[in-house]
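Survey of secondary and tertiary structure
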Amino acid sequence: MTRTIYLLRHGQTELNAQRRMQGHCDSPLTSLGQAQARAMGRTLRTLITEPASWQLAVSPLGRAQYTAQLVCAELGLPAAHPHTDARLIEVGFGDWEMQAVEPLHAQYPELAERPDWHFAAPNVEPMAAVQARIAALLADPALPAQLIIVAHGLLGRFIRGAYAQLPLDEMLQQEMPQDAFYRLQHGQIERIACLDL
């Protein structure tokens, strides 16, 4: 079976704008974030026919849920269309949740040089656990042939990395855009810029 996945990150949040780590905590979408979510939906509408035939899986966190609602509105889908998948929750950053990135890097300057620096946080979700849940997700035989995912920045790196079998350093240095999304198909990953943002 050929599966096509569109992988979206939630729109900008207040904590994103402040350059703070979110993880499992949450914050509302900014006005830009809402515009980004709508632009993702409009762009998807140009790429897919019969949106109702696409399953939409979303992280349980509010910022992803709201993004999914805005995407659905642009696709003409009912608010009840998305289903929540706990495997899509962002990496938990432990004691560093809500912390600003620049002060952390100033306090621990060696971190700025490490692509895996997020995982230095005390009580962070172990990288192996993140990799295991993404591997389970992608190997799930119940996944439909047409799937839209609304998730998170770092988690999206893991999904794309596992899909393309990227080396760890390369996986962790991928982009985390909020004005573009990705099509995963035939073993290839294509970046798609949002229209009219």
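In case you missed it, the structure is sitting above this.
Below is a summary of the structure that appears in this document. (Residues numbered from 1 in each chain as written. Predicted model: local features only at pLDDT ≥ 70, side-chain atom pairs only at ≥ 80, totals over all residues. Heavy atoms only, no water.)

**Considerations on the overall build of the chain**
If you tally the helices and strands in the chain, you get 7 helices and 6 strands. The helix and strand sequence of the chain, counted from the amino end, reads β-α-α-β-α-β-α-α-β-α-α-β-β. Over its C-alpha atoms the chain spans a radius of gyration of 16 Å, differing by no more than 12% from the 16 Å that the globule rule assigns to 197 residues. Along the first, second and third principal axes, the C-alpha set of the chain runs to 50 × 35 × 25 Å. Burial statistics for the chain: of 197 residues in total, 51% are counted as buried. For the chain, contacts bridging at least 24 residues in sequence account for 73% of all contacts bridging at least 6. (Helix = DSSP H or I, 4+ residues; strand = E, 2+ residues; numbered from the N terminus. Rg over C-alpha atoms; globule rule 2.2 N^0.38 Å. Buried < 20%, exposed > 50% of the residue type's maximum accessible area, 1.4 Å probe, protein only. Contact = heavy atoms within 4.5 Å.)

**Section: the sheet that holds strand β3 (residues 83-84)**
The strand order β3-β2-β4-β1-β5-β6 describes an open sheet built from 6 strands, whose pairing is mixed. Where the open sheet ends on each side, the last strands, each with one partner, are β3 and β6 (188-193). Relative to strand β5 (residues 180-185), strand β1 (residues 4-9) runs antiparallel, the two sharing 4 bridges. Paired with L7 across the bridge in β5 is Y182. (Pairing = 2+ DSSP bridges.)

**What about the layout of surface pockets?**
In this model, the largest pocket occupies a volume close to 480 Å³. Along its surface, the largest pocket is lined by 26 residues, and R9, R19, V101, H118 and M176 are the ones closest to its centre. Among the secondary structure elements, those contributing two or more residues to the lining of the largest pocket are α1 (14-17), α4 (101-107) and α6 (153-164). With 3 residues, α6 is the single largest residue contributor to the lining of the largest pocket. (1 Å grid on protein atoms, 1.4 Å probe; cavity = no way out; pocket = protein on both sides within 12 Å on 5 of 7 lines; lining within 4 Å. Points joined across faces, edges and corners; volume = space filled by probe spheres on them.)

**Notes on the pairing of β1**
Successive residues of a regular strand alternate their side chains across the two faces of the sheet. Counting buried positions along β1 gives 6 out of 6 residues, so the element sits mostly inside the fold. Side-chain alternation along β1 places T4, Y6 and L8 on one buried face and I5, L7 and R9 on a second face that is also buried. Of the strand pairs in this sheet, β1 and strand β4 (residues 146-151) are connected by 6 bridges, and their pairing is parallel. If you follow Y6 over to β4, its bridge partner there is I148.

**Regarding empty space enclosed by the protein**
This structure, assessed with the given rule, holds 1 cavity of 30 Å³ or more. Its volume calculated, the largest cavity comes out at about 80 Å³. In terms of lining, the largest cavity is formed by 13 residues, of which the most central are L7, L8, R9, R160 and Y182. At the level of secondary structure, the elements contributing two or more residues to the lining of the largest cavity comprise β1, α6 and β5. Of the residues belonging to the lining of the largest cavity, the class tally is 8 nonpolar, 3 polar and 2 charged. (Nonpolar A, V, L, I, M, F, W, Y, C, P; charged D, E, K, R; others polar.)

**Things to note about the side chain of D140**
Following the sequence through the fold, D140 ends up in the loop between α5 (127-139) and β4. Given the relative accessible area of 18%, D140 is considered buried. A distance of 3.1 Å separates a polar atom in the side chain of D140 from a polar atom in the side chain of R87. For D140, the residues in contact, after removing those within four places along its chain, are R3 and R87. (Polar contact = N/O pair within 3.5 Å; in protein donor to acceptor, adjacent residues only side chain to side chain.)

**Observations regarding unusual backbone geometry**
In this model, N123 sits at a positive phi of 65°, which is unusual for a non-glycine residue. Tracing the backbone shows N123 in the loop between α4 and α5. Classification of N123 as exposed rests on a relative accessible area of 63%. Backbone geometry places Q165, a non-glycine residue, at a positive phi of 55°. Mapped onto the secondary structure, Q165 falls in the loop between α6 and α7 (168-172).

As far as function goes, none of this settles anything; it's purely spatial.
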